[in-house]
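One letter stands for each residue in the lines below.
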Amino acid sequence: MKPVRKAVFPVAGLGTRFLPATKAVPKELLPVVDKPLVQYAIDEAHAAGIEQMIFVTGRGKNAIEDYFDIAYELEATLTARSKTDILATLEGSRLDPGDAVFVRQQEPLGLGHAVWCARDIVGDEPFAVLLPDELLWNPGNPCLKQMVATYEAKGGNVLGVLEVPHEHTGRYGIVSPGTVEGRVTEVKGLVEKPKPAEAPSRLAIIGRYILQPDVMGILAAGERGAGNEIQLTDGMAKLIGKQPFHALTVDGDRHDCGDKAGFIQANIALALERADIGPDVKAFIEKL
Ligand code: G1P
């Protein structure tokens, strides 16, 4: 079984829900406490053994590439001032040479199209997809790491899922479940954004995937699905029955940072866990 060494981060989205903040700053660089959203996804990928990070970017997203560069002036100044603690905070944002690759998605044609834009870099290997909008928080056992363990046991394709309220199925890709073994559910089918009455379960895809490269060939056809977009969910559905396909109900807290309320909640939840600012934030919330 080939190890999962590469991860695709679709970051071409316009971020319209966070305008005007996202007029000049990509939404992936908005901070949750003091780290940009995309850094949480990178840290999760690193913890799962991912070596190469592939960013599918778009116009106006250059700041994401700059973020991963070495900031010479900043680092030289901090070194001269012996600010080693502040220098340490930059650690995770420095990717080794060649470990960050950027490709462009020229048009917003859907998540399936964004992933397909990375096909030549992914090559003939299994790969992960992480949607940085979804902050999955389990610092002790990060979610993609849990999924890699399932991949090592089952092979094929593994989706990260969580149960969502029945009335929310129309926001997600939903799993049609087969046999259940603990947290692992066999995937019998997938539907993108079904109405509650048509949803085969409440198991929703939460923006974490381990996929076989064969999905790229299917996405190449450019078939349109829900919202007239090229859907990753539809491409994956065509592999069911041909390759092992499982969903792992991940163990962690999910914050939907593509949504304003979810973004604020992520900031509060992570701030409360911090030794340096947690007590002050807690006292303030209590006062409110
Ligand atoms: C995408 C996927 C959907 C998945 C969701 C998770 O939808 O198409 O299957 O459940 O991400 O966040 P989007 O939120 O981009 O509309």
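Our subject is the structure that appears above.
The model shown is predicted, which means the values in this text are computed figures rather than measured ones. (Residues numbered from 1 in each chain as written. Predicted model: local features only at pLDDT ≥ 70, side-chain atom pairs only at ≥ 80, totals over all residues. Heavy atoms only, no water.)

Asks: Mind showing me how you'd approach unusual backbone geometry here?
Replies: Most peptide bonds are trans, and most residues other than glycine sit at a negative phi. Here the residue pair Leu19 and Pro20 is connected by a cis peptide bond, since its omega of 5 degrees sits within 30 degrees of zero. Among the structural elements, Pro20 can be located in the loop between strand 1 (6-10) and strand 2 (31-32). Phi at Lys193 takes a positive value of approximately 50 degrees, unusual for a residue other than glycine. For Lys193, a relative accessible area of 41% gives the class partly exposed. For Asn228, which is not glycine, the phi torsion reads 60 degrees and is therefore positive. Note that Asn228 resides in the loop between helix 8 (214-219) and helix 9 (232-237). (Helix = DSSP H or I, 4+ residues; strand = E, 2+ residues; numbered from the N terminus. Buried < 20%, exposed > 50% of the residue type's maximum accessible area, 1.4 Å probe, protein only.)

Asks: Explain the environment of Val11 to me, please; I cannot follow it from the model alone.
Replies: Along the chain, Val11 turns up in the loop between strand 1 and strand 2. For Val11, a relative accessible area of 0% gives the class buried. Those residues in contact with Val11 that sit more than four places away from it in its chain are Glu28, Phe55, Val56, Thr57, Lys61, Ile64 and Pro132. (Contact = heavy atoms within 4.5 Å.)

Asks: Looking at this structure, I do not really get the packing of helix 10 (residues 260-273) against helix 11 (residues 278-287). What am I missing?
Replies: When two helices pack together, you describe them by how their axes are tilted relative to each other and by the distance separating the axes. Relative orientation of the contacting elements helix 10 and helix 11 amounts to 125 degrees, with a least axis distance of 7 Å. One element, helix 10, and the other, helix 11, form an angle in the oblique class. Considering only the axes of helix 10 and helix 11, their crossing is left-handed. The segment helix 10 lies against helix 11, with Ile268, Ala271 and Leu272 engaging Gly278, Val281, Lys282 and Ile285. Here the contact of helix 10 with helix 11 is built from residues that sort into five nonpolar, one polar and one charged. (Axes fitted to C-alpha atoms, helices over the stretch in contact; angles between N-to-C directions. Parallel < 35°, antiparallel > 145°, perpendicular 65-115°, else oblique. Left-handed = near helix turned anticlockwise from the far one by under 90°. Nonpolar A, V, L, I, M, F, W, Y, C, P; charged D, E, K, R; others polar.)

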